[in-house]
Structures are given as C-alpha cells and as structure tokens.
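# An overview of the molecular structure
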Amino acid sequence: MSTTPAPEPREPRPALVFDDPLDQQSSDDTDRGWGERPAGDSAADLKRFLDEKPPHHL
C-alpha cells in the first residue's frame, strides 16, 4: 500500500474587510505636508507673521 504524504500546513488567508474606506483618515486629510509648521515659540511665530504679511497690511 502506498501512503500519501502528510499535508503541509498552510498560511491563513487574509480576511476580507468590508469596512467603509471613507471612514478611514488618509494622509491628505491631515495638515502635515500642507505648509503647516511644527509648534514653535511665539517669537518665531511673530517673525513668520511679519515676514509673510502682505504689503497692504503694514
């Protein structure tokens, strides 16, 4: 009689996810990368404000 080899263990298949993709936040939903600067001191904020103020606001 011939014996069949024992089956090798299989990796589990990834589960199907039926969540709403619009409920998840994407990288475009954040301010990161859109010109926002990290929190700094108030002197640096004032300098940036004065440097970027349009001429008609002087």
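Please refer to the structure placed before this passage.
To start, this report covers the structure provided alongside it. All residue numbers refer to position in the chain's written sequence, counted from 1. A pLDDT threshold of at least 70 governs which residues receive local features in this predicted model, and a stricter bar of 80 or more applies before side-chain atom pairs are shown or counted, although totals over entire chains, interfaces and linings include all residues. Water and hydrogen atoms were dropped before computing side-chain values, which therefore reflect all heavy atoms in the structure.

### With respect to the overall build of the protein chain
Counted only if it meets this: Every helix listed is a DSSP run of H or I at least four residues long, and every strand listed is a run of E at least two residues long, numbered separately from the N terminus. Three exposure classes are used, based on accessible area relative to the maximum for each residue type with a 1.4 Å probe and protein chains only: buried under 20%, partly exposed in between, and exposed over 50%. Per-residue and other accessible areas were derived by the Shrake-Rupley procedure at a 1.4 Å probe size, with only the shown protein chains allowed to occlude residues.
The helix and strand inventory of the protein chain stands at one helix and zero strands. The buried share among the 58 residues of the protein chain stands at 0%. Carbon and sulfur atoms make up 55% of the accessible area of the protein chain, which amounts to about 6,700 Å² in all.

### Some thoughts on the pattern of salt bridges
When the charged atoms of two side chains with opposite charge come close together, those side chains can pair. As a reminder, the rule being used: Each salt bridge in this description consists of a side-chain nitrogen of Lys or Arg and a carboxyl oxygen of Asp or Glu lying within 4 Å of one another.
For the structure on display, the rule yields two salt bridges. Notably, a salt bridge pairs aspartate 51 with lysine 47, separated by 2.8 Å at the nearest N-O pair. Here lysine 47 and aspartate 51 lie together in helix H1 (residues 42-52), a separation of four residues that amounts to about one turn. On the basis of relative accessibility, which here comes to 54%, the residue aspartate 51 falls in the exposed class.

### Concerning a nonpolar patch on the surface
Note the following rule: Like charges are joined within 9 Å and nonpolar side chains (Val, Leu, Ile, Met, Phe, Trp, Tyr) within 5 Å, but only among residues with over 30% relative accessible area and no salt bridge; these make up the patches.
Residues Leu46, Phe49 and Leu50 make up a contiguous nonpolar surface patch of about 310 Å² in total accessible area. Assignment of secondary structure puts phenylalanine 49 in helix H1.

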